[in-house]
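# Structural overview for review
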Amino acid sequence: MDLISLPPCSRRTELTTMANEQPMALSPASTSAIKISTTFLKTPVKTDQEILQNSMLEDDPNSNTILACTDLTEDNGAHHLGNRPRWGPRHKGAQELAKLYSNGKRTQELVCVYICISLMVLNFGLILRHFRFERVSNVVVAAIFGILTADFGSGLVHWGADTWGSVDLPIVGKNFLRPFREHHIDPTSITRHDFIETNGDNFMVALPILGKLAWNFFTRTNAEIQQDYAISAYLFLCSIFIAMTNQIHKWSHTYWGLPRWVLFLQNHHIILPRRHHRIHHVAPHETYFCITTGWLNWPLEKIKFWSTLEAIIEMSTGHKPRADDLKWAQKRA
């Protein structure tokens, strides 16, 4: 039986029963119902049991709280919850964080999106103008390295924002760290964000690259442009992947209505697959940070890249990783 086909109450009942068992054990039906771990790993980073117990079931985004149906009581036609949600839009911390989204932040995102799209169109035209057919192989190599750079960059930024800092920090906290805190408590909130809110910050990151690229096209001779064409193609494609990273991330949390071409790219792991990204959303969210394609998640995990960085920083500064993230997650009352 497919997990998505189960009614919401059935899923919550099953999970609550499992959570109350010591030790918790998956039934045969549950084992066959959900296989979240990446298909190419012999030893999953997170087991199906860990995923079921410590992450939100995103196919039920509006009432996914790990609550049994028996916790729902009716009083004069109104439903009340016997427990507070661990995740989802009804979580107190998620509601507080959502309210911190300001008009100023919206303006910044709008400006960045419109300027970035303009520069994308401009640079795309310039790339095509100077394209030579014999440079096809260079463009393919540039695309691969652009994807890898964007994937690693997405992981580095994601890890830094998830792990360190506080929403209380001036400017950076409410404007740039707040979405990361909200996303861990209410993962599907991103699916309710429009194009501007979803992509504004990533488009902002791509602006300097696209701006420098356009400057190079307008200030260099044709010979110089041809000499550095592979680098220009790499910078352009890398900036596109950076800009689209959070849209790809949004698709990895979207379980209905995705276009077939997006599903094709996900199913063939050309962009971040939904099942692959679920591994990151197992509390305490300490692995699989790369969210453009996710290609680098497994090798970085195998060499303990993120955990080693965290250990070095904690030893040097005394700061605990994900302390602020945990603080917001605990605001359930």
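Residues numbered from 1 in each chain as written. Predicted model: local features only at pLDDT ≥ 70, side-chain atom pairs only at ≥ 80, totals over all residues. Heavy atoms only, no water.

For the protein chain, the name recorded in an unreviewed UniProt entry is Lipid desaturase domain-containing protein, with Anopheles minimus as its organism. You can read under Sequence similarities (unreviewed entry) in the UniProt record for the protein chain the words "Belongs to the fatty acid desaturase CarF family." Regarding the protein chain, the UniProt comment filed under Subcellular location (unreviewed entry) reads as follows: "Membrane". (UniProt positions renumbered as here; feature names shortened; annotations may be inferred.)

## Overview of the overall build of the protein chain
Broken down by element type, the protein chain carries 15 helices and two strands. Relative to its 333 residues, the protein chain shows a buried fraction of 45%. Taking the contacts inside the protein chain whose residues are at least 6 apart along the sequence as the reference set, 71% of them involve residues at least 24 apart. Summed over all atoms, the accessible surface of the protein chain reaches about 16,900 Å², with 63% contributed by carbon and sulfur. (Helix = DSSP H or I, 4+ residues; strand = E, 2+ residues; numbered from the N terminus. Buried < 20%, exposed > 50% of the residue type's maximum accessible area, 1.4 Å probe, protein only. Contact = heavy atoms within 4.5 Å. Areas by Shrake-Rupley, 256 points an atom, 1.4 Å probe, with all protein chains shown as cover.)

## What to know about the nonpolar core
Core analysis: the biggest nonpolar cluster contains 22 residues, and C116, M120, F203, L210, F217 and F236 have the highest contact counts within it. For this core, the elements supplying multiple residues, two or more each, are α5 (103–129), α8 (195–219) and α10 (229–251). Among the elements that line this core, the one with the most residues is α8, at eight residues. Apart from the residues lying within four places of it in its own chain, the contact partners of F203 are C112, V113, C116, I117, M120, F195 and A243. Counting eight residues, the second-largest nonpolar core is a separate cluster that includes I248, L258, V262 and I271. (Core = buried A, V, L, I, M, F, W, Y, C linked by side-chain atoms within 4.5 Å.)

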